[in-house]
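Structural overview for review
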Amino acid sequence: MAESRSEVKPTRVTNSIRSLRFANGEMTQTGLAKRIGVTQQTVIAIEQGRYSPLLEMAFRIAPVLGVPLDDVFQYPDSLEVRHEGDRSGRVRLGRRARAA
């Protein structure tokens, strides 16, 4: 049986948005929503893991919270790509060094 379009699957991506909002001057969901151009309901859904934002939105959230993208969003260990020597268990999302 096909999955209903109205049925929303929870995302495996986790996030630290709530704690980062509080660490950032107790920013409200509404305040964050206004700064990234979405509704408060969207911020609530992301925080609760009911919605995984598009990359473009994720890249807007991180600077508003004053942290790197990988401090905001995490993905389960079983599917992560780890950099050699990185024991944090987190995916590092950064710019690659360019070859000389």
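Refer to the structure presented above.
Residues numbered from 1 in each chain as written. Predicted model: local features only at pLDDT ≥ 70, side-chain atom pairs only at ≥ 80, totals over all residues. Heavy atoms only, no water.

1. Some remarks on the overall build of the protein chain
Assigned secondary structure in the protein chain consists of five helices and two strands. Listing each helix as α and each strand as β along the protein chain from the N terminus yields β-α-α-α-α-α-β. Looking at the protein chain as a whole, 29% of its 100 residues are labelled buried. Look at the contacts in the protein chain between residues 6 or more apart in sequence, and 50% of them connect residues 24 or more apart. (Helix = DSSP H or I, 4+ residues; strand = E, 2+ residues; numbered from the N terminus. Buried < 20%, exposed > 50% of the residue type's maximum accessible area, 1.4 Å probe, protein only. Contact = heavy atoms within 4.5 Å.)

2. Focus: the pattern of salt bridges
Within this structure, the stated rule accounts for two salt bridges. A salt bridge links Glu 56 to Arg 60; the nearest nitrogen and oxygen atoms lie 3.7 Å apart. Placement of both Glu 56 and Arg 60 in helix 4 (residues 55-65) is noted, with a separation of four residues, approximately one turn of the helix. Judged by its relative accessible area of 32%, Arg 60 falls in the partly exposed class. (Salt bridge = Lys/Arg side-chain N within 4 Å of Asp/Glu carboxyl O.)

3. Notes on the packing of helix 2 (residues 29-36) against helix 3 (residues 40-47)
Between helix 2 and helix 3, the least distance of the axes is 8 Å, while the angle of their chain directions is 110°. Considering the angle they form, helix 2 stands roughly perpendicular to helix 3. Along its contact with helix 2, which presents Gln 29, Thr 30, Leu 32, Ala 33 and Ile 36, the element helix 3 presents Gln 40, Val 43, Ile 44 and Glu 47. When its residues are assigned to classes, the contact of helix 2 with helix 3 shows five nonpolar, three polar and one charged. (Axes fitted to C-alpha atoms, helices over the stretch in contact; angles between N-to-C directions. Parallel < 35°, antiparallel > 145°, perpendicular 65-115°, else oblique. Nonpolar A, V, L, I, M, F, W, Y, C, P; charged D, E, K, R; others polar.)

4. Things to note about the environment of Arg 18
Within the fold, Arg 18 resides in helix 1 (residues 17-23). For the pair Arg 18 and Gln 29, spaced 11 residues apart in the sequence, the C-alpha separation amounts to 8.4 Å.

5. Observations regarding the packing of helix 2 against helix 4
One can describe the packing of helix 2 onto helix 4 by two numbers: an axis separation of 10 Å at closest approach and a directional angle of 120°. Classified by the interaxial angle, the pair formed by helix 2 and helix 4 is oblique. The interaxial crossing formed by helix 2 with helix 4 has right-handed handedness. The residues of helix 4 that touch helix 2, namely those facing Leu 32, Arg 35 and Ile 36, are Met 57, Arg 60, Ile 61, Val 64 and Leu 65. Residue classes in the contact of helix 2 with helix 4 are distributed as six nonpolar, no polar and two charged. (Left-handed = near helix turned anticlockwise from the far one by under 90°.)

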